[in-house]
Every structure is written in structure tokens, then in C-alpha cells.
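# Observations on the model geometry
Below, each chain spelled out in residue letters.
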Amino acid sequence: MYVCLCMGVCDREIREAMNEGACSVSEVMECTGAGTRCGSCQPTIAKLVGAGEVAATPRRLTMAPVSSAA
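Residues numbered from 1 in each chain as written. Predicted model: local features only at pLDDT ≥ 70, side-chain atom pairs only at ≥ 80, totals over all residues. Heavy atoms only, no water.

For the rest of this paragraph, the subject is the overall build of the protein chain. Each helix and strand counted, the protein chain has three helices and two strands in total. When the helices and strands of the protein chain are placed in sequence order, the string is β-β-α-α-α. Entry remark: accessible area of the protein chain is about 4900 Å², with carbon and sulfur atoms responsible for 54%. (Helix = DSSP H or I, 4+ residues; strand = E, 2+ residues; numbered from the N terminus. Areas by Shrake-Rupley, 256 points an atom, 1.4 Å probe, with all protein chains shown as cover.)

Shown next, in the form of C-alpha cells:
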């Protein structure tokens, strides 16, 4: 099951990171990239890790307006 759609990280990859020693949301984010874009999956990562905390405030991406070249 995909946990982080932005980065394409599934629960299996998060569990593998945990088996390799990641024991916090921040460490899972660092190892897998999950939760580093929009941040909406951080609560799910926290549940998988067994931590109640969310790592950091998600980054907000700004987009330039699209010009109409008709």
C-alpha cells in the first residue's frame, strides 16, 4: 500500500527502513523520502513507526501562474 503518493513510497519500504534502524518519523523521512513533499502522509508514517509526533511542518510549493499562449 502506498503511504506517500508524492514520492511513491509504500509501507513495505517504510518497514524496511525501520528494520534497518529508522525509529522516528524524521529518520524514516530521511531514509525513504516519504513525507518530504506535501507532508500529508506524516501522520500515517507516525502510526507505522509507533510515534505520536509528526516530524516537521510540510513545505509548501509555490507554482508560477500559467500564461495562456493562445
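On we go.
One pass over the structure, following the stated rule, counts one salt bridge. For Arg-12, the salt bridge is made with Glu-16, and the minimal N-O distance between the two is 3.1 Å. On the criterion of helical spacing, the pair formed by Arg-12 and Glu-16 is a turn pair, its members being four residues apart in helix H1 (residues 11-19). You can call Arg-12 partly exposed: its relative accessible area is 49%. (Salt bridge = Lys/Arg side-chain N within 4 Å of Asp/Glu carboxyl O. Buried < 20%, exposed > 50% of the residue type's maximum accessible area, 1.4 Å probe, protein only.)

A word on the side chain of Gln-42. Along the polypeptide, Gln-42 turns up in helix H3 (residues 42-49). For Gln-42, a relative accessible area of 2% puts it in the buried group.

Turning to the environment of Cys-10, a few remarks are in order. Structurally, Cys-10 is set in strand S2 (residues 9-10). Judged by relative accessible area, Cys-10 falls into the buried class, the value being 12%. Through-space distance from the C-alpha of Cys-10 to that of Thr-32 is 9.5 Å; in sequence the pair is 22 residues apart. Sequence-distant contacts of Cys-10, that is, excluding residues within four places in its chain, are made with Met-1, Tyr-2 and Val-3. (Contact = heavy atoms within 4.5 Å.)

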